[in-house]
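# Secondary and tertiary structure notes
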Amino acid sequence: MPAEATAARVSPDRRIRMIRTVALLVGVIVPSLVLRELIEARFGRGPLADLSAVAVPMAATAWLAPYASYRRRDALLWLVGPGIYVFTVIAWRVALAPYRDWRPRPEEKPRLRWSRDPEHAGTWLLTDPDGDAGHTPSR
């Protein structure tokens, strides 16, 4: 199958979502690597430098997790390895916000409704942003 045919089938919404996801990943990983280099230059190699490399991604994961139907404690996965995978899934889901293309958890269902927008057909729409996410509203 030619590359042009494959590229033509990818919708613009999917491209925008991919760009947003990559931007979130780069915006979290690059500062964590810079922080690690700064800590390593000041204090040398060791556990402090290693923990500083995951501090920024852990904070970002804990902050964004409720918006992607994850728990804040899933940020601890950065300490054992699969944190980058979990954050990639969270970034992919948050890039589509406020629409959701995954099944909500049972406690989230009262805050969601099925989207009737033809452009976002087949997704859930977050109707109450305050909910149980634990964030302050931006009003």
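Below, the structure is looked at part by part.

## Some points on helix H4 (residues 83–94)
The first and last C-alpha atoms of H4 sit 16 Å apart over 12 residues, in line with the 16 Å expected at 1.5 Å per residue. Of all the residues in H4, the buried ones are Gly-83, Val-86, Phe-87, Val-89, Ile-90, Ala-91, Arg-93 and Val-94.

## Comments concerning the pattern of salt bridges
Between side chains of opposite charge, a pair can form as their charged atoms come close. Scanning the entire structure with this criterion turns up four salt bridges. Here Glu-40 and Arg-45 are joined by a salt bridge, their closest N and O atoms 3.6 Å apart. What makes Arg-45 exposed here is its relative accessible area of 75%. For the salt bridge of Asp-74 with Arg-71, the shortest nitrogen-to-oxygen distance reads 3.1 Å. According to the relative accessible area criterion, Asp-74 is buried, its value standing at 9%.

## Topic: a nonpolar patch on the surface
On the surface, a cluster of nonpolar side chains totalling about 520 Å² of accessible area is made up of Met-18, Val-22, Val-26, Val-30, Val-34 and Leu-38. As for its placement among the helices and strands, Met-18 is situated in helix H2 (residues 12–43).

## A closer look at helix H3 (residues 47–64)
An ideal rise of 1.5 Å per residue puts 26 Å on 18 residues; H3 measures up with 26 Å between its terminal C-alpha atoms. A maximum bend of about 30° is found in H3 at Ala-55, where proline Pro-57 lies one to four positions downstream. Regarding H3, the residues found buried are Ala-49, Ser-52, Ala-53, Val-54, Pro-57, Met-58, Ala-60, Thr-61 and Leu-64.

## What about the packing of aromatic side chains?
Per the counting criterion, the structure on display carries zero aromatic pairs. Lying across the ring of Phe-43, Arg-42 places its NZ or CZ 5.5 Å from the centre.

## A short note on the side chain of Arg-17
Inspection of the secondary structure puts Arg-17 in helix H2. Polar side-chain contacts of Arg-17 include one of 2.9 Å to the backbone oxygen of Trp-92. Apart from the residues within four sequence positions on either side, Arg-17 is in contact with Trp-92, Arg-93, Ala-95, Leu-96 and Asp-101.

Conventions used here
The residue numbers shown here count from 1 along each chain, following its written sequence. Under the rules for a predicted model, residues below a pLDDT of 70 receive no local features and side-chain atom pairs below 80 are neither given nor counted, while totals for whole chains, interfaces and linings still include all residues. To get the side-chain values, take all heavy atoms of the structure and skip hydrogens and water. The secondary structure listing takes helices from DSSP runs of H or I that are at least 4 residues long and strands from runs of E that are at least 2 residues long, numbered from the N terminus. One less than the residue count of a helix, multiplied by 1.5 Å, gives the span that helix is expected to have. Burial status follows relative accessibility: with a 1.4 Å probe on protein chains alone, a residue under 20% of its type maximum counts as buried, one over 50% as exposed, and anything between as partly exposed. Should a side-chain nitrogen of Lys or Arg be within 4 Å of a carboxyl oxygen of Asp or Glu, the pair is scored as a salt bridge. Patch members must show over 30% relative accessible area and no salt bridge, and they are joined within 9 Å when carrying like charges or within 5 Å when they are nonpolar side chains of Val, Leu, Ile, Met, Phe, Trp or Tyr. Accessible surface is estimated by sampling points in the Shrake-Rupley manner with a 1.4 Å probe; for residues, cover comes only from the protein chains shown. Here the bend at a residue is taken as the angle between two axes, fitted respectively to the seven residues that end there and the seven that start there. The criterion for an aromatic pair is that two Phe, Tyr or Trp rings (for Trp, the six-membered ring) have centres within 6.5 Å, with stacked assigned to planes under 30 degrees apart, edge-to-face to planes over 60 apart and tilted to the rest. For a lysine, the NZ atom is tested; for an arginine, the CZ atom; a charge sits over a ring if that atom is within 6 Å of the ring centre and within 35 degrees of the ring normal. Polar contacts here mean pairs of N or O atoms no more than 3.5 Å apart (in protein, one a potential hydrogen donor and the other a potential acceptor; neighbouring residues in sequence count only if both atoms are side-chain atoms). Contacts are assigned to residue pairs with any non-hydrogen atoms lying within 4.5 Å of each other.

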